[in-house]
Amino acid sequence: METRELTCIGCPMGCLVTVTLDNGEVKEVTGNTCAKGDIYARKEVVNPTRIVTSTVKIVGGDKERVSVKTASDIPKSKIFEVMKDIDAAQATAPAHIGDVIIKDVAGTGVDVVATRNVEAV
Amino acid sequence: MKTYDIVIVGGGPAGLAAAVAAKEAGNDSILILERDHELGGILNQCIHNGFGLHTFKEELTGPEYAYRFIKQVLDLGIEYKLNTMVMDIAPDKTVTAMNREDGMFQIPAKAVILAMGCRERPRGALNIPGYRPAGIFSAGTAQRLVNIEGYMPGREVVILGSGDIGLIMARRMTFEGAKVKVVAELMPYSGGLKRNIVQCLDDYGIPLKLSHTVVDIEGKDHVTAVTIAEVGPDRKPIPGTEERYTCDTLLLSCGLIPENELSRSAGVTMNPVTSGPVVNESLETNIPGVFACGNVLHVHDLVDYVSEEAKRAGQNAVKYIADGCKEAEGANVIELCATDGARYTVPSTINKDRMDDLLTVRFRVGDVYKNSFVSVYFDDERVMHNEKRILAPGEMEQIILQKKKLDEYPNLKKITVKIEKE
Amino acid sequence: MLYDVIVIGAGVTGSAVARELSRYETNVCVLEKCEDVCEGTSKANSAIVHAGFDAAEGSLMAKLNVRGNEMMGDLAKDLDIPFKRNGAMVVCIHKEALDGLKDLYNRGIANGVKELKILNRDEALEMEPNLSENVEGALWAPTSGIICPFELNIAMAENANMNGVDFRFNTEVEDIKKGEDGNWHLRTNNGEYVARYVVNAAGVYADTIHNMVSADKIHITPRRGDYCLLDKTVGGHVKHTIFPQPTNLGKGVLVSPTIHGNLIVGPTAVDIENKEGNNTTAAGIDDLIAKAGDHVRNLPIRNVITSFAGLRAHESHHEFIIKEVEDAPHFIDCAGIESPGLTSSPAIGEMVGGMMKDMMGLKEKANWISTRKGVKKTEGLSVEERNALIKENPAYGTIICRCESITEGEILDAIHRPLGARSLDGVKRRTRAGMGRCQAGFCSPRTMEILHRELGIPYEKITKSGGKSNIVLERTKGEVSGS
């Protein structure tokens, strides 16, 4: 049996939630005040994910960096691998919102897409 | 210079939403004046996600959210001028502005919408002792440098203040390879969203020290170290609790101040609590035809609420012009009051004859309240009593007033919002 | 190169001396350890042009204060510096101290201060309604004024430079020796400089420099003073400069409007040893806030936009030392230049210039330029004037500093003029960009862009004020590849 403590992000209460795990399976969630806390804690313990946002170098455009995000959430454990690919990437203008900047970033199966328009100059 | 019915000062989220709403309400003579080189305002540098859940039912980044409105402005053919600074708004609603192409020009507007946003409280206003070297930034300035200009201020960071921009920048700097050593917060609670504390600090093991402040800044040319100390209930540092952190960057996220210099010189009456204009149910200031919305009115935490508020300002400006630019009749004005933990309300007055069927009244509380009630009194009678598990200063609260309910109280003079234990 | 005169220090004293020397046929160089003029005591003080009733009767300080005050009006006109005689009041809040006020009056009269007057409680309150309730009387000195210390310093240096004086920045004097050639050899971090005469105007370092050449050692104590600067919205809280009655630590905490419409409160007075110790302290600021309320009521201290500290170059005799050093001929000290140093600077320049003219047998230049135009300001221009300016140069149509309404045109002017700005603080002191209520939060990235474009300085090398004060460290994600 293993226990993990989390702060629920559902509302400003920030309940301290304790999750009891047995072989990676959630046995019990305590400390939450509402159902939101239960759902959050189960996901956060078993499969925490995040959307990563950053910028990518871009050449030939009216700006030198284009802001980007992962098109959907990626495993939390992969954040810094994703950032490594983002740091190494270089786009060429023009880029528009939603354009794929990196395909299948860090083997996550998720693309990194532009979140702003950079026009070619 | 062409004349316009409605001049909107600021092309950020508030200005854009006001413009779109005004156009859709039937006015074709609208001009947005924006001081930066693009529309979108501060959202352009807020490249993180979390915007738009209320408005678009999806989670967008700042630039994406801004672009949804910019696109509407472009599609609707609303006129705007970039790189244009509004220098003055006269009480008669003549707007004086300037840019390099047009020079200085004046527009006699029928209605003006104030949408200038806010600025960050600088180090100077915080009276932080120590040297005054390079390497001290307000979090938003650092955000612009990193996200727009593409430059790193430093590699070892201490952050004072746990406002959302500071929290977001803690993660952002970490992503860019910096080490964020600590976030110190003067108050015993954070002003930021819980989600940001977890996902920007906890995820990366960045400590948040509540009831702490910066007591010394070292470094003659550039920051070399910062000392923080715990503060007592009087918010004064407790001797002996000092901790020194070597660092090359100090970011400040210690509050936002609505940018109302233009409003003041126009003669707009200010609310000392919000540092924004006093407005009525139509978001109109004491000067008929001058409306305010967004962070210039009061600092919001969700842009969705800014857009919603700005939409009303835009619609009301059109209505004001359509009704012949008349001063509101003062006969049926109800005063709104905030007491017992509620710090202010927006609006401050309601003219029942001009209110919509439903009116959202927004306010903030002055402290953290658990298991309390938001109560609304019509004169001395309690008419609303909503239980809240938590109320926090960082989160804007709202109540919704129904016109038909107000109609049941024909002699109503005063509506009071308070926080009650039971 | 052999210079006739090397002036050490480009503060107000060094710059005033350089300007006076630029009248003559002689080659002069100013060595400054910082990256710009006005980096030491000259940049962090009360910015008051004192009337002259404070200094001891018969002292050099008294003489130069009164003379400097007299000169300031014409100098400000010649050099296009904002200056106003707003008048000062020394406020007495204890009946038993009224005699002290009378003493001060008598000393002022002896020093040659004009138009002094003792006011009773009612007269004082009528002139300045926000004085403390406890006011018993006041000394009124209408010749006292307010000035921009940066502009005074910069203008004198610019004018000297226009008239042929060299300025070497980032050049710190490490040692001085008398060579066998009879000249002074100054070792610096930027090589050796040689001169026939040396003027020591090194501020808090004047003792270090003096002691390199003389067996008769002097000691300068940096006397730190903390200040608070308040927003322009409360700049009118008092109209005159309000002093408490002086003590042996100085003139005390004053409250005054500044020439640019802010309100200044300060300084404290703490003797320290660290000549670079211009850090503010919590105790200092608390002390300031506590004291400032004694003489002015309802002080809107909440409206502070910045606090800073300056170091006064205090010599134990509290007297200016301006003379040729006895055991080091051709070496002239300007040491112990503490308050009223800013006021006195034109008179110090005049005195040292006169001394050196006689010593060196200097001849006046035929083509000396006595005037200088400051950075063209746009504040207060009419719509027509603005538009004429923008038509000529569109940069005057772009506002860079929102708080102070400073245009790109003004910043370009500040960069491309004699001894132009090369850092954010350099731009700030010449134009006020970044000096307003947001304290450069908005304009610093824009000003960096302009410095980068105009001077070709890489972003990473742009500094707040020279040295290691770079604003950004490096590009995010490195440079682009293939370009």
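Whatever comes next refers back to the structure up there.
Residues numbered from 1 in each chain as written. Chains lettered and ligands numbered in written order. Predicted model: local features only at pLDDT ≥ 70, side-chain atom pairs only at ≥ 80, totals over all residues.

Draft legend 1. Quick peek at the overall build of chain B. In terms of helices and strands, chain B carries 9 helices and 31 strands. Against the compact-globule benchmark of 22 Å for 422 residues, chain B has a radius of gyration of 22 Å, which places it among compact chains. Across its three principal directions, the C-alpha atoms of chain B cover 65 × 60 × 40 Å. Counting across all 422 residues of chain B, residues that qualify as buried make up 56%. For chain B, contacts bridging at least 24 residues in sequence account for 64% of all contacts bridging at least 6. (Helix = DSSP H or I, 4+ residues; strand = E, 2+ residues; numbered from the N terminus. Rg over C-alpha atoms; globule rule 2.2 N^0.38 Å. Buried ≥ 20, exposed ≤ 12 C-beta atoms within 10 Å, placed from the backbone. Contact = placed C-beta atoms within 7 Å.)

Draft legend 2. How the structure looks around the interface of chain B and chain A. With 19 residues of chain B at the interface, the matching set in chain A holds 20 residues. When contributions to the side of chain B that touches chain A are tallied by element, the ones reaching two or more residues are α2 (62–75), α6 (194–201) and β29 (381–391) of chain B. Element by element, the count of residues in the side of chain B that touches chain A is highest for α6 of chain B, at 4 residues. Class assignment of the residues belonging to the side of chain B that touches chain A gives a composition of 7 nonpolar, 6 polar and 6 charged. (Nonpolar A, V, L, I, M, F, W, Y, C, P; charged D, E, K, R; others polar.)

Draft legend 3. Up close: the interface of chain B and chain C. Residue-level contacts link 41 residues of chain B with 41 residues of chain C. Elements supplying a minimum of two residues to the side of chain B that touches chain C: β6 (85–89), β7 (94–99), β8 (103–108), β10 (118–120), α3 (123–126), α4 (139–149) and β12 (151–152) of chain B. The element contributing the most residues to the side of chain B that touches chain C is α4 of chain B, with 6 residues. Inspection of the sheet shows β12 of chain B paired to strand β23 (residues 474–475) of chain C by 2 bridges, in the antiparallel sense. Bridging from a neighbouring strand, Met-152 of chain B pairs with Glu-474 of chain C of β23 of chain C. (Pairing = 2+ DSSP bridges.)

Draft legend 4. Quick look at α6 of chain B. Burial analysis of α6 of chain B places 6 of its 8 residues in the buried class, the great majority of the element. Close packing links the buried residues of α6 of chain B with β1 (2–7) and β4 (49–50) of chain A together with α5 (164–175), β14 (179–185) and β15 (208–210) of chain B.

Draft legend 5. Broad picture of the environment of Leu-359 of chain B. All names here are of chain B. Topologically, Leu-359 is positioned in strand β27 (residues 358–365). The sequence separation of Leu-359 and Pro-347 amounts to 12 residues, and the corresponding C-alpha distance is 9.5 Å. Setting aside anything within four residues of it in sequence, one finds Leu-359 in contact with Glu-281, Ile-350, Ile-400 and Leu-401.

Draft legend 6. Highlighting the pairing of strand β18 (residues 304–315) of chain C. Residue and element names in this part refer to chain C. Within β18, 10 of the 12 residues are buried, which leaves it mostly tucked inside the rest of the structure. Bridging between strand β13 (residues 220–230) and β18 involves 11 bridges; their strand directions are antiparallel. The residue bridging Leu-230 from the neighbouring strand is Val-304, located in β18.

Draft legend 7. Summary view of helix α1 (residues 35–46) of chain A. Residue and element names in this part refer to chain A. An ideal rise of 1.5 Å per residue puts 16 Å on 12 residues; α1 measures up with 17 Å between its terminal C-alpha atoms. Buried within α1 are the following residues: Gly-37, Tyr-40, Ala-41 and Val-45. When α1 is viewed along its axis, its buried side chains cluster within an angular range of 115 degrees and face the same direction. Those residues of α1 that are exposed and angled more than 90 degrees off the buried face are Ala-35, Lys-43 and Val-46. Of the surrounding secondary structure, the elements contacted by the buried residues of α1 are β1, β2 (16–22) and β3 (25–30). (Expected span 1.5 Å × (residues − 1). Arc of directions from axis to C-beta.)

Draft legend 8. Just the packing of α4 of chain B against α5 of chain B, in detail. Residue and element names in this part refer to chain B. For the pair α4 and α5, the least separation of the axes is 9 Å and the interaxial angle reads 35 degrees. For the pair α4 and α5, the sense of crossing is left-handed. Contacts from Ala-139, Gly-140, Ala-142, Gln-143 and Val-146 of α4 reach α5 at Ile-165, Gly-166, Met-169 and Arg-172. A per-class count over the contact of α4 with α5 returns 5 nonpolar, 3 polar and 1 charged. (Axes fitted to C-alpha atoms, helices over the stretch in contact; angles between N-to-C directions. Left-handed = near helix turned anticlockwise from the far one by under 90°.)

Draft legend 9. Fine view of the environment of Phe-51 of chain B. Residues and elements named next belong to chain B. Residue position: Phe-51 is located in strand β3 (residues 49–51). Exposure remark for Phe-51: the 25 C-beta atoms within 10 Å place this residue in the buried category. Along the chain, Phe-51 and Gly-324 lie 273 residues apart, while their C-alpha atoms are 37 Å from each other. The contact partners of Phe-51, leaving out residues within four places of it in the chain, are Leu-60, Thr-61, Gly-62, Tyr-65 and Val-303.

Draft legend 10. Up close: the nonpolar core. Residues Ile-8, Val-9, Ala-18, Ile-113, Ala-115 and Cys-293 of chain B are the most contacted members of the largest nonpolar core, which totals 154 residues. When neighbours within four sequence positions are excluded, Ala-115 of chain B is seen to be in contact with Ile-8, Val-9, Gly-10, Gly-12, Ala-14, Gly-15, Ala-18, Cys-293, Gly-294, Val-296 and Ala-310 of chain B. Core analysis: the second largest hydrophobic core is formed by 121 residues, Tyr-3, Phe-167, Phe-331 and Ala-335 of chain C among them. (Core = buried A, V, L, I, M, F, W, Y, C linked by C-beta atoms within 7 Å.)

Functional significance is not addressed by these values, which are geometric in nature.
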